[in-house]
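Summary of the model geometry
Here's the letter readout for the chains.
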Amino acid sequence: LRDFVISVVMRGQVWDSSEYFSEDMTFNLKNGSDLSNVVYINLSPFDNINSQFKEIIGNSQLNYQGTVKNITILFNEDSDKLIENIFENPLDDLLKTPAKKQFVKKVWKKFEWDKTIFKIFKYIDELELETKDCSAQRQEILRLIKTCSSGQKYLVILILSVIENVISQSVLVIDEPEDFLHPPYVAALVGLISQILKDINGVGLIATHSDVALQEIPRECVYHLLKDNNIKRPQIQTFAANVSSINR
């Protein structure tokens, strides 16, 4: 792991990394951990890290949730089918869980400035499975998703995957969530993930090259991994810092 930043949020407080990292920064989850499960999201078509990640978890009692893969299919002719599969399968369970519906509400409030993303999650929030046939509303949501840009589709799928899989005291690991995204989307996404993790009393590990992502994370939660494998903290307060200062 070279030249990226790990941002960590736990219980809204500064996180003591020594509980899960050894001196050489090897990540280890042990029996007796107060964490409940691991959700790992990697969107690179070049990585095959599932087996390595399972080995990291080892013999712990944690439940490994798997990886969201092959997002690059979104750019191919089968994108509509992929969207339908990802959208339909988890939706009923998601909408039947009050806590997860609250996360959906956070999404459309966080993305009010983007009319399409706002409408998609507002419509999802308004679906009432128990009281009426929602087929027309589902079709309208799918239609809206299919009109999105590739970055917006990526954002919708990533957010739905996070909401579907995280539970109380989860550890959520995401590799470079800024891929394909315009900077305002990166800022809103990192802020949303932080909110969700605080609500579920969870841990977030984000590997990122994005200065915009760091603007959403306080210095106390940032680790800078150097090319010589040493680690240091940023010298400035990264939260709300200007991009030039962060890059310097």
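Residues numbered from 1 in each chain as written. Predicted model: local features only at pLDDT ≥ 70, side-chain atom pairs only at ≥ 80, totals over all residues. Heavy atoms only, no water.

**Focus on the overall build of the protein chain**
- Regarding its fold elements, the protein chain presents nine helices and seven strands.
- Burial analysis of the protein chain (248 residues in total) assigns 48% to the buried set.
- Restricting the contact set of the protein chain to residue pairs at least 6 apart, pairs at least 24 apart contribute 72%.
- A total accessible area of about 12600 Å² is found for the protein chain, and carbon and sulfur atoms account for 47% of it. (Helix = DSSP H or I, 4+ residues; strand = E, 2+ residues; numbered from the N terminus. Buried < 20%, exposed > 50% of the residue type's maximum accessible area, 1.4 Å probe, protein only. Contact = heavy atoms within 4.5 Å. Areas by Shrake-Rupley, 256 points an atom, 1.4 Å probe, with all protein chains shown as cover.)

**Examining the nonpolar core**
- In terms of nonpolar packing, the biggest core is built from 49 residues, with Phe111, Ile120, Phe121, Leu155, Ile159, Val162 and Leu172 touching the most fellow members.
- Among the elements of the structure, strand E2 (37-42), helix H3 (98-110), helix H4 (115-126), helix H5 (135-146), helix H6 (150-165), strand E4 (170-175), helix H7 (183-200) and helix H8 (211-214) are those that each provide at least two residues to this core.
- At 11 residues, H7 tops the list of elements feeding residues into this core.
- Once you skip the residues sitting within four places of it in the chain, Leu172 turns out to touch Val39, Ile41, Val162, Val166, Ile193, Leu197, Val203, Gly204 and Leu205.
- Within the second largest apolar cluster, seven residues are counted, among which are Val38, Val171, Val173 and Val203. (Core = buried A, V, L, I, M, F, W, Y, C linked by side-chain atoms within 4.5 Å.)

**Let's talk about the pairing of strand E6 (residues 222-225)**
- Pairing between E6 and strand E7 (residues 231-232): two bridges, direction antiparallel. The residue of E7 that forms the bridge with Leu225 is Ile231.
- Once E6 ends, the chain turns through five residues before running back antiparallel as E7, passing Asn229 with a positive phi of about 75°. (Pairing = 2+ DSSP bridges.)

**Section: H4**
- Look at H4: 16 Å from first C-alpha to last across 12 residues, which is about the 16 Å you get at 1.5 Å a residue.
- Within the sequence span of H4, burial applies to Ile117, Ile120, Phe121, Ile124 and Asp125. Each buried residue of H4 sits inside an arc of 130° when the element is viewed along its axis, so together they form one side.
- Two to three positions downstream of the cap, the backbone nitrogen of Thr116 sits 3.1 Å from a side-chain oxygen, assigning the N-cap of H4 to Asp114. (Expected span 1.5 Å × (residues − 1). Arc of directions from axis to C-beta. Polar contact = N/O pair within 3.5 Å; in protein donor to acceptor, adjacent residues only side chain to side chain.)

**Quick notes on the confidence of the model for the protein chain**
- Per-residue pLDDT for the protein chain has a mean of 75; in total, 63% of the residues score no lower than 70.
- Here residues 1-17 is modelled with pLDDT under 50, and outside its nearest four sequence neighbours on either side it reaches 66 contacts, counting other chains as well.
- Counting contacts from residues 70-75, a segment whose pLDDT is below 50, to residues more than four positions away or on other chains yields 17 contacts. (pLDDT = per-residue confidence, 0-100.)

**With respect to the packing of H4 against H5**
- Running from N to C, H4 and H5 cross one another at 160°; their axes reach a closest spacing of 10 Å. The angle between H4 and H5 falls in the class roughly antiparallel. Crossing angle aside, the handedness with which H4 passes H5 is left-handed. When H4 is examined against H5, the residues Thr116, Lys119, Ile120, Tyr123 and Ile124 are found in contact with a partner set consisting of Glu140, Ile141, Leu144 and Ile145.
- Of the residues assigned to the contact of H4 with H5, the class counts are six nonpolar, one polar and two charged. (Axes fitted to C-alpha atoms, helices over the stretch in contact; angles between N-to-C directions. Parallel < 35°, antiparallel > 145°, perpendicular 65-115°, else oblique. Left-handed = near helix turned anticlockwise from the far one by under 90°. Nonpolar A, V, L, I, M, F, W, Y, C, P; charged D, E, K, R; others polar.)

**Some points on the environment of Gln102**
- Relative to the assigned elements, Gln102 resides in helix H3.
- The exposure class of Gln102 is partly exposed, given its relative accessible area of 44%.

**Some details on the side chain of Thr238**
- Within the element layout of this structure, Thr238 appears in the loop between E7 and helix H9 (243-247).
- Residue class for Thr238 comes out buried when judged on its relative accessible area of 2%.
- For Thr238, the side chain forms a polar contact with the main-chain oxygen of Ile217, separated by 2.6 Å.
- Those residues within four positions of Thr238 in sequence are excluded, and the remaining contacts are Leu214, Gln215, Ile217, Pro218, Arg219, Val222 and Ile246.

**So, the side chain of Asp211**
- Its location among the elements puts Asp211 in helix H8.
- Of the side chains with opposite charge, Arg248 comes closest to the buried, unpaired Asp211, at an N-O distance of 11 Å.
- Contact partners of Asp211, with chain neighbours within four places excluded, come to Val243, Ile246 and Asn247. (Lys, Arg positive; Asp, Glu negative; His and termini not counted. Salt bridge = Lys/Arg side-chain N within 4 Å of Asp/Glu carboxyl O.)

**Considering the packing of aromatic side chains**
- Under the counting rule described, the total for this entry stands at five aromatic pairs.
- With 5.8 Å between their ring centres and 35° between their planes, Phe111 and Trp113 make a pair best called tilted.
- Under the relative-accessibility criterion, Phe111 is labelled buried at 0%.
- With 6.5 Å between their ring centres and 25° between their planes, Phe111 and Tyr185 make a pair best called stacked. A residue pair is termed long-range when its members are at least 10 positions apart, and Phe111 in the loop between H3 and H4 and Tyr185 in helix H7 qualify at 74 residues. The same class applies to Phe111 and to Tyr185, which are both buried.
- One aromatic cluster is present, formed by Phe111, Trp113 and Tyr185 through successive ring pairs.
- We note Lys109 situated over the ring of Trp108; from NZ or CZ to the ring centre the distance is 5.8 Å.
- A cation sits over an aromatic face here: Lys122 above Trp108, 4.9 Å from the ring centre. (Phe/Tyr/Trp six-rings, centres within 6.5 Å; stacked < 30°, edge-to-face > 60°. Lys NZ or Arg CZ within 6 Å of the ring centre and 35° of its normal.)

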